[in-house]
Amino acid sequence: MGAGTGQDGDMVRLLADRQALRDLVQTYAHGADRRKPDLVASCFLPDGTLTVHMDPGAEPVSRSGRERIAKAMTGLERYIATQHLVTNQLATVDDDRAEAETYCTAHHIYDDEAGVRRDRVMAIRYLDTYARTDEGWRIATRTLHCDWVEDRPLTIAS
């Protein structure tokens, strides 16, 4: 059998797909942290949807379409800095569709009313569906669940 065919070829494609999905999620995080809302939006299908569940029991907020997703990402500008650390990702790929659950610890640095520099740390789970396009993998739907939040003063101000 030639390279890329048969069982070995299937495994190579699966590994390449999983790496591409991971790169996509990391591009989203990079875009968020570097204040590049258009880069974040480009991670989605043109009609993709971002749904955010910030607090248990609160109504989720959804944005559909790249323009609305980019606009929503500008909300991060209220922070001095953010850092989204993408960790575990469990992905399943089925031809040109995929699903994944990805963990992220997100730090949001700000000054409180008293001028104390603080870090709002969020434990996030992204539940994503993806579609393979001519541009590569894109997010079809992303549902962000915030599992817990810790707000603490920074011991060394940035």
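Use the structure listed above.
What you see is a predicted model; the values in this text were computed from it and never measured.

Chemist: Which parts of the structure should I look at to understand the overall build of the protein?
Modeler: Looking only at helices and strands, the protein features 3 helices and 6 strands. In the protein, the succession of α and β elements from N to C terminus is α-α-β-β-α-β-β-β-β. Considering only C-alpha atoms, the protein reaches an extent of 70 × 30 × 30 Å along its principal axes. Every one of the 158 residues in the protein was classed for burial, and the buried ones make up 36%. For the protein, the accessible area works out to roughly 9200 Å², and carbon and sulfur atoms hold 51% of it. Taken together, the 20 basic and 26 acidic charged side chains of the protein have centroids lying 4 Å from each other.

Chemist: Explain the sheet that holds strand S1 (residues 44-53) to me, please; I cannot follow it from the model alone.
Modeler: Two orientations exist for strands paired in a sheet by backbone hydrogen bonds: parallel and antiparallel. Sheet architecture is open: 6 strands sit in the order S2-S1-S6-S5-S4-S3, paired in mixed fashion. If you trace the sheet from one side to the other, it starts and ends with strand S2 (61-64) and strand S3 (81-94), each paired once. The sheet shows a mean angle of 15° between the axes of neighbouring strands, direction not considered. Sheet strands in contact with helix H3 (residues 66-73) are S1, S2 and strand S6 (136-153), and its direction is about 40° off that of S1.

Chemist: Please clarify how the packing of aromatic side chains should be interpreted in this entry.
Modeler: Aromatic ring pairs are reported here in terms of the distance separating the ring centres and the angle at which the planes meet. Summed over the entire model, instances satisfying the criterion amount to 3 aromatic pairs. With a centroid separation of 5.6 Å and an interplanar angle of 70°, the aromatic rings of tyrosine 28 and tyrosine 126 are classed as edge-to-face. Here tyrosine 28, found in helix H1 (residues 6-33), pairs with tyrosine 126, found in strand S5 (residues 117-133); they are 98 residues apart in sequence, far enough to count as distant. Across the pair, tyrosine 126 and tyrosine 28 agree in class, each one buried. An aromatic cluster is built from Tyr28, Phe44 and Tyr126, whose rings are joined through pairwise contacts.

Chemist: What is the right way to look at the environment of valine 40 in this model?
Modeler: Within the fold, valine 40 resides in helix H2 (residues 37-42). Put simply, valine 40 and glycine 115 are 75 residues apart on the chain and 31 Å apart in space, counted from C-alpha to C-alpha. Setting aside chain neighbours within four positions, we find valine 40 in contact with Tyr28, Gly31, Ala32, Ile69 and Met73.

Chemist: I tried to follow the pattern of salt bridges on my own but got confused; where do I start?
Modeler: Where charged atoms from two side chains of opposite charge come close, those side chains can pair. Scanning all chains against the criterion turns up 13 salt bridges. Of the charged contacts in the structure, one is a salt bridge between arginine 13 and aspartate 96, with a shortest N-O distance of 3.6 Å. Remark: aspartate 96 occurs in the loop between S3 and strand S4 (97-111) and arginine 13 occurs in helix H1; sequence separation between them is 83 residues. With relative accessibility at 42%, the residue arginine 13 sits in the partly exposed group. Its relative accessible area of 33% is what places aspartate 96 among the partly exposed residues. A salt bridge links arginine 132 to aspartate 96; the nearest nitrogen and oxygen atoms lie 2.6 Å apart. Of this pair, arginine 132 sits in strand S5 while aspartate 96 sits in the loop between S3 and S4, and the two are 36 residues apart along the sequence. What emerges from the salt-bridge pattern is a single network uniting Arg13, Asp17, Asp96 and Arg132.

What counts, and where the lines are drawn
- Numbers given for residues are sequential positions, taken from 1 along each chain in its written order.
- pLDDT decides what is reported in this predicted model: residues at 70 or higher carry local features, side-chain atom pairs at 80 or more are listed and counted, and totals for whole chains, interfaces and linings draw on all residues regardless.
- Heavy atoms from the whole structure form the basis of all side-chain values; hydrogens and water molecules are not counted.
- Strands here are runs of E lasting at least two residues and helices are runs of H or I lasting at least four, both read from the DSSP assignment and numbered beginning at the N terminus.
- Throughout, exposure labels follow a simple rule: accessible area from a 1.4 Å probe, protein chains only, divided by the maximum for the residue type, with under 20% read as buried, over 50% as exposed, and the rest as partly exposed.
- Here, Shrake-Rupley sampling with a 1.4 Å probe gives the accessible areas, and only protein chains in the shown set may cover a residue.
- The charge count includes Lys and Arg as positive and Asp and Glu as negative, but it does not include His or the ends of the chains.
- We put the charge of a Lys on NZ, of an Arg on CZ, of an Asp on CG and of a Glu on CD.
- Two strands are counted as paired when DSSP detects at least two bridges linking them.
- Here, axes are lines fitted to C-alpha atoms. For helices the fit covers the stretch in contact, and angles between N-to-C directions go from 0 to 180 degrees.
- A contact between two residues is defined here by any heavy atoms of the two lying within 4.5 Å.
- Planes of paired rings set the category: under 30 degrees apart is stacked, over 60 is edge-to-face and the rest tilted, where pairs are Phe, Tyr or Trp rings (Trp by its six-membered ring) whose centres lie within 6.5 Å.
- By definition, a salt bridge exists where a carboxyl oxygen of Asp or Glu is found within 4 Å of a side-chain nitrogen of Lys or Arg.

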